[in-house]
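The chain contents come next:
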Amino acid sequence: MLLFLIYVVLSTSGLILVKLGSQATAIHFTNAVFSFSMSLTTIIGFLCYMFSFVLWMVIISKSEVSYIVPLGVACTNIAVLLGSKLILHEQVTLGTVIGTAVIILGIVIIQLAK
């Protein structure tokens, strides 16, 4: 369960940091042919997301895929919704709230069926 929580935190953090980094000052790599620009926030976000992916592969290898994948997607989606509202100050609509409620209901059903 601890690995799963770390996965959700890393995945959510990665997505939110990449979004924040797209608005931040960038680090530039330039030569005669190639130009690349990425903020430090974006790089940290990519690293978080990369580590979450590796952790996700470990979790899947040790769990029932039919159980853990819906749970992982649902928990990550809810965490991203909360992070988007609290950190990015994005608008949460009624449709988003209803969709989140359906996701939570799905998690409850999965837990009851297990």
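Report on the accompanying structure. (Residues numbered from 1 in each chain as written. Predicted model: local features only at pLDDT ≥ 70, side-chain atom pairs only at ≥ 80, totals over all residues. Heavy atoms only, no water.)

**Thoughts on the packing of aromatic side chains**
A complete count under the given rule lists two aromatic pairs for this structure. Ring plane angle 45° and centroid distance 6.4 Å describe the contact between F4 and Y7, whose orientation is recorded as tilted. With F4 and Y7 both in helix 1 (residues 2–21) and three residues apart, this pair spans about one turn of that helix. Of the two residues, F4 and Y7, neither departs from the other in class, the shared state being buried. (Phe/Tyr/Trp six-rings, centres within 6.5 Å; stacked < 30°, edge-to-face > 60°. Helix = DSSP H or I, 4+ residues; strand = E, 2+ residues; numbered from the N terminus. Buried < 20%, exposed > 50% of the residue type's maximum accessible area, 1.4 Å probe, protein only.)

**Description of a nonpolar patch on the surface**
Taken together, the side chains of L47, M50, F51, F53, V54 and M57 present a nonpolar region at the surface, about 590 Å² in accessible area. With respect to the helices and strands, L47 occurs in helix 2 (residues 40–61). (Patch = residues over 30% accessible without salt bridge, like charges linked within 9 Å, V, L, I, M, F, W, Y side chains within 5 Å. Areas by Shrake-Rupley, 256 points an atom, 1.4 Å probe, with all protein chains shown as cover. Salt bridge = Lys/Arg side-chain N within 4 Å of Asp/Glu carboxyl O.)

**Side note on the environment of L20**
Counting through the fold element by element, L20 comes out in helix 1. L20 sits 19 residues away from S39 along the chain, and the two C-alpha atoms are 9.3 Å apart. The residues touching L20, leaving out its near neighbours within four places in the chain, are T41, I87 and L88. (Contact = heavy atoms within 4.5 Å.)

Note that all results are geometric; they support no functional claim without further evidence.
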